Amino acid sequence: MRVLAAMSGGVDSAVAAARAVEAGHDVTGVHLALSAKPGTLRTGARGCCTIEDSRDARRAADILGIPFYVWDFAERFTEEVVETFVGEYAAGRTPNPCVTCNEKIKFEALLEKAIALGFDAVCTGHYARLSVVDGVPELRRSADDHKDQSYVLASLTPEQLRHAMFPLGSSRKPDVREEAAERGLAVAEKPDSHDICFIPDGDTKKFLENRLGERPGDLVDAETGAVLGRHTGVHGFTVGQRKGLGIDAPAADGKPRYVLSLEPVSGTVKVGSSQELSVSTIDADRAIWPSEQPLTGPTECVVQVRAHGGMAPAVAEVDSDGDAVRMSLREPLTGVAPGQVAVLYSPDAEAGDVVLGSAKISATA
Ligand SMILES: Nc1ncnc2c1ncn2[C@@H]1O[C@H](COP(=O)(O)OP(=O)(O)OP(=O)(O)O)[C@@H](O)[C@H]1O
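As the structure is a prediction and not an experimental result, all values here were calculated from the model. (Residues numbered from 1 in each chain as written. Predicted model: local features only at pLDDT ≥ 70, side-chain atom pairs only at ≥ 80, totals over all residues.)

## A short note on the UniProt feature "active site" (unreviewed entry) in the protein
Let me state the cut-off plainly: UniProt positions are given in the numbering used here, feature names are shortened, and annotations may be inferred rather than shown by experiment. Secondary structure counts use DSSP, requiring at least four H or I residues in a row for a helix and at least two E residues in a row for a strand, with both numbered from the N terminus. Here the C-beta atoms are placed from the backbone, and a residue counts as buried if at least 20 other C-beta atoms lie within 10 Å of its own, exposed if 12 or fewer do, and partly exposed otherwise. Residues are scored as being in contact if the C-beta atoms we place from backbone atoms lie within 7 Å.
Sites flagged by UniProt as "active site" (unreviewed entry) map to Cys101 and Cys197. Judged by maximum C-alpha separation, these annotated positions cover 97 residues in sequence but sit close together in space, the widest gap being only 10.6 Å. Here Cys101 is to be found in helix H4 (residues 97–116). Exposure remark for Cys101: the 26 C-beta atoms within 10 Å place this residue in the buried category. Not counting residues within four places of it along the chain, the set of residues in contact with Cys101 comprises Val81 and Lys106. Structurally, the position occupied by Cys197 is in the loop between helix H7 (173–182) and helix H8 (204–212). You can call Cys197 buried: it has 23 C-beta atoms within 10 Å.

This is the structure we're talking about:
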């Protein structure tokens, strides 16, 4: 197969590309310049697409003896990922930009260009197991629980998955580092990337304030309706947040308060107790079914509502056109934020790691 290896300059994608070469594929490496300023690469910054990262990716490609290019996808990344991120926060939702990047950049913009150039697949260093049998993709959790990225890949369509390759799915990170060292890849010791790549200092609140300015509103006690304080914008909050609420007076029962809901039009942030934060029903829409088959009838599953943690057994029911899912949780969950993705995994221990589907959370109760 002709394979385009997406090389970030990190250890995972270097080893993934190496394995694709070793498997006998005709591999070309590409580094995506995604920096927020179109046409530029940042120097010295943490996060992705610094000049150092593109050099590291090129060096790895040289060691593997494969052709290598840098493609400027900054404009598309800004439009599809950064602007969506800002818009979602302004609308009182909590987006996951890595999900959007996989959907719109790596497996849409990049894959489209790859296919137009005659490649059969895009290979990445993601940790998730993927097999395609008779054209039907099956996406599963990684063999490495700590690194599992099936959550951020679960929104890929069957067609995108048919052209994806994740050679690290069955590996554990320490072994991947060891393999990189054995292969002489200089990136073997490079630290893992964290957080949101376009917010290198990790200060999401400041980033959103710079973009959205001040949009003041009230912090309101959900139970009594009492105004507890003022804030500078719903974009500074996420459902389940406890710290940084800026409320001086303690709750009557002395227990901590959490953000329960965000109302962008009125600017109201409702807060309440941890009990009020618990939800037992999640509604989600824009569902994606990796195997192309929407669930039929009530289906036992395990639902995961954020990239790390937030899992509960549930019964999922899908509407007739396969777009909307209602999940009735068998155990309550807290901190379920509209805008995040709900990923449905198969429930039994043996096959508990197969992604059945995913959908964007729209409401909770
Ligand atoms: N700027 C980029 N250019 C090309 N591919 C990229 C880029 N950023 C990420 N990728 C691809 O997406 C995969 C997952 O990205 P993620 O940010 O989760 O990286 P990671 O797990 O730290 O992997 P790595 O060690 O390769 O950086 C990478 O392994 C790589 O294949």
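There is more to say, and it comes next.
## Description of the sheet that holds strand S13 (residues 299–304)
In plain terms, the rule: Paired strands, in this sense, are two strands between which DSSP finds at least two bridges. Interaxial angle, 0 to 180 degrees, is taken between N-to-C directions of lines fitted to C-alpha atoms, where a helix line uses only the stretch in contact.
In spatial order, the strands read S12-S15-S14-S13-S16-S17; together these six strands close into a barrel with antiparallel pairing. Within the sheet, the average angular offset between the axes of one strand and its neighbour, ignoring direction, is 40°. Across three bridges, S13 lies against strand S16 (residues 341–345) in antiparallel orientation. Bridge pairing links Val302 to Tyr345 in S16.

## Side note on the site of the ligand
Keep this limit in mind: Nearness rests on one distance test: the residue's C-beta atom, set from the backbone, must lie within 6 Å of the molecule or strand. For this classification, the nonpolar set comprises Ala, Val, Leu, Ile, Met, Phe, Trp, Tyr, Cys and Pro, the charged set comprises Asp, Glu, Lys and Arg, and every other residue, Gly included, is treated as polar.
In the vicinity of the ligand there are 18 residues, among which Ala6, Gly10, Asp12, Ser13 and Gly125 approach most closely. Elements supplying a minimum of two residues to the shell around the ligand: helix H1 (11–22) and strand S2 (26–33). Its residues assigned to classes, the shell around the ligand shows seven nonpolar, eight polar and three charged.

## Side note on the environment of Leu139
Looking at where Leu139 falls in the secondary structure, it is placed in strand S6 (residues 136–141). Classification of Leu139 by C-beta neighbours within 10 Å gives buried; the count is 27. Along the primary structure Leu139 and Gly357 are separated by 218 residues, whereas in three dimensions their C-alpha atoms are 9.6 Å apart. In this structure, Leu139 is in contact with Ala128, Leu130, Ser150, Leu153, Ala154, Leu161, Pro290 and Val355, ignoring residues within four places of it in sequence.

## So, the domain arrangement of the protein
Using the following cut-off: Domain start and end points were adopted from an automatic or database domain assignment.
Examined at the domain level, the protein breaks down into domain 1 (2–189), domain 2 (214–276) and domain 3 (278–364). Placing a centre on the C-alpha atoms of domain 2 and another on those of domain 3 gives a separation of 27 Å. In this complex, domain 2 contributes five residues to the contact, which on the side of domain 3 involves five residues.

## Things to note about the sheet that holds strand S1 (residues 2–6)
Spatially, the five strands line up as an open sheet ordered S3-S2-S1-S4-S7, and their pairing is parallel. Where the open sheet ends on each side, the last strands, each with one partner, are strand S3 (68–72) and strand S7 (164–165). Across five bridges, S2 lies against S3 in parallel orientation. In the sheet register, His31 faces S3, and the bridge partner there is Val70. Against the sheet, H4 engages S1, S2, strand S4 (121–123) and S7, with an angle of about 130° to S4.

## Considering the nonpolar core
This is how it is decided: Buried Ala, Val, Leu, Ile, Met, Phe, Trp, Tyr and Cys residues form a nonpolar core when they are connected through C-beta atoms within 7 Å.
One finds Ala5, Ala14, Ala17, Val122, Cys123 and Ala342 to be the most contacted residues of the largest nonpolar core, which totals 96 residues. Ranked by residues supplied to this core, first place goes to H1 with seven residues. Excluding its chain neighbours within four sequence positions, the residues that come into contact with Cys123 are Val3, Leu4, Ala5, Ala6, Ala16, Ala17, Ala20, Met165 and Pro167.

## Some words on helix H2 (residues 51–64)
What counts, and what does not: Expected span of a helix: the number of residues minus one, times 1.5 Å. To be clear, the arc concerns the directions from the helix axis to the C-beta atoms.
Spanning 14 residues, H2 covers 20 Å between terminal C-alpha atoms, matching the ideal 20 Å at 1.5 Å per step. Among all positions in H2, only Asp53, Ser54, Asp56, Ala57, Ala60, Ala61 and Leu64 are buried. End-on, the buried residues of H2 take up no more than an arc of 160°, which puts them together on one face. Here the buried face of H2 lies against H1, S2 and S3. Looking one or two places after H2, you find Gly65, whose phi comes out positive at around 70°.

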